[in-house]
Amino acid sequence: MKNEAVKVIKAKKKYILEQWFKNQLENDGLRDDLISNEEQRGQSEELINTLAASISDNNFDNLHSRDFEKIEDILSGIAIARAKKGFSPRETGAYVLSLKAAILKTLSEEITDPVVLYNDSMKISNLFDNFSIVTFETFIKGREDVILRQTDEIAEISTPVIKVWDGILALPIIGTLDSARTQIVMENLLQEIVETGSSIAILDISGVPAIDTLVAQHLIKTVSATRLMGAECIISGIRPEIAQTVVHLGIDLSGVITKSTLASALKTAFGILELEVRKKATPKVL
């Protein structure tokens, strides 16, 4: 038995495309601030043409037919691209569902037998519901990739190693330290020690909101790694509340040079390097 919906989709694909764009206009689906109308139309034409070429009487009832893999690939590409461009999940889902609405409207205009119309409409709904799931899953994965990349970029930016003097590096830490971030801190610091030949590194934790056993362990690991590179490490920014927490937790930092401020740590570093900074006297004006 021939499926009327298959014949309608193949014969009316241009009309369906126009109805689809009309639906997107009504639902504010055309975001020309994120994607040009020409680009979106090109994607839509490719999807419609691929659907018309793939769908047949043999696979109309099979949601997981391999004939639909190309359509799913196109939808996956669109979903990932939209995730990167800043589209919301609702906007991306509406893009696919508005195509389903356009096809169902076209079927209602072309199929006169109500039983056939109902059966074919249900099959189309099931098919596009499956397409929507594929699109949504891919969109979420694309959004997760964007978030992970941004997290890595923020981590890189938030752990700058600054050369404050010849032989002295400073690394101000802002936010909570975890295992992943500690690894970035150590890698950046050790690399900078090698490149600059510095012998002292100052870890300033004045921007760390709280310290616990895990954070302290991460700091001790960083200090140990620094010493293995032949450099001395000073921890600055030890506020009174952090000092009390360290004592309460029984964390042993006795083998680490600690200072309350970055200025104090820098002064200590000057002493280790046997440097002396003097204020130049201002000559009197006669």
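You'll find the structure just up there.
Since the structure is predicted, the reported quantities are computational estimates derived from the model, not experimental observations. (Residues numbered from 1 in each chain as written. Predicted model: local features only at pLDDT ≥ 70, side-chain atom pairs only at ≥ 80, totals over all residues. Heavy atoms only, no water.)

1. Description of the nonpolar core
Ile 103 and Phe 131 are the most contacted members of the largest nonpolar core, which totals 32 residues. Listing elements by their share of this core, those giving two or more residues are α1 (4-11), α2 (13-26), α3 (37-54), α4 (69-85), α5 (89-110) and α6 (114-157). When sequence neighbours within four positions are dropped, the list of residues in contact with Phe 131 reads Leu 51, Phe 68, Ile 71, Glu 72, Leu 75 and Val 96. Ala 201, Val 208, Val 215 and Leu 253 belong to the second-largest nonpolar core, a separate cluster that totals 25 residues. (Core = buried A, V, L, I, M, F, W, Y, C linked by side-chain atoms within 4.5 Å. Buried < 20%, exposed > 50% of the residue type's maximum accessible area, 1.4 Å probe, protein only. Helix = DSSP H or I, 4+ residues; strand = E, 2+ residues; numbered from the N terminus. Contact = heavy atoms within 4.5 Å.)

2. Brief notes about the packing of α3 against α5
The interhelical angle for the contact between α3 and α5, taken along N-to-C directions, is 55 degrees, at an axis separation of 12 Å. As the angle between them shows, α3 and α5 are arranged oblique. In the crossing of α3 with α5, the sense of the turn from one axis to the other is right-handed. Contact with α3, carried on its side by Gln 40, Gln 43, Ser 44, Leu 47, Ile 48 and Leu 51, involves Tyr 95, Leu 99 and Ile 103 of α5 and no other residues of that element. The residue inventory of the contact of α3 with α5, partitioned by class, reads six nonpolar, three polar and no charged. (Axes fitted to C-alpha atoms, helices over the stretch in contact; angles between N-to-C directions. Parallel < 35°, antiparallel > 145°, perpendicular 65-115°, else oblique. Left-handed = near helix turned anticlockwise from the far one by under 90°. Nonpolar A, V, L, I, M, F, W, Y, C, P; charged D, E, K, R; others polar.)

3. So, α3
Between the first and last C-alpha of α3 there are 25 Å, a value that for 18 residues agrees with the 26 Å anticipated at 1.5 Å per step. For α3, the complete set of buried residues consists of Gln 40, Gln 43, Ser 44, Leu 47, Ile 48, Thr 50, Leu 51, Ala 52 and Ser 54. (Expected span 1.5 Å × (residues − 1).)

4. A look at the packing of aromatic side chains
Per the counting criterion, the structure on display carries four aromatic pairs. On the basis of an interplanar angle of 45 degrees and a centroid distance of 4.9 Å, the ring pair of Trp 20 and Tyr 95 is categorised as tilted. With Trp 20 in helix α2 and Tyr 95 in helix α5, the pair connects residues that are 75 residues apart, well separated along the chain. What makes Tyr 95 buried here is its relative accessible area of 3%. Three or more aromatic residues link up through ring pairs in this structure, and these residues are Phe 68, Phe 128 and Phe 131. Across from the ring centre of Phe 21, 4.9 Å away, lies the NZ or CZ of Arg 41, which sits over that ring. For the cation-ring pair, Arg 82 lies above Phe 87, with the distance from its terminal atom to the ring centre recorded as 4.3 Å. (Phe/Tyr/Trp six-rings, centres within 6.5 Å; stacked < 30°, edge-to-face > 60°. Lys NZ or Arg CZ within 6 Å of the ring centre and 35° of its normal.)

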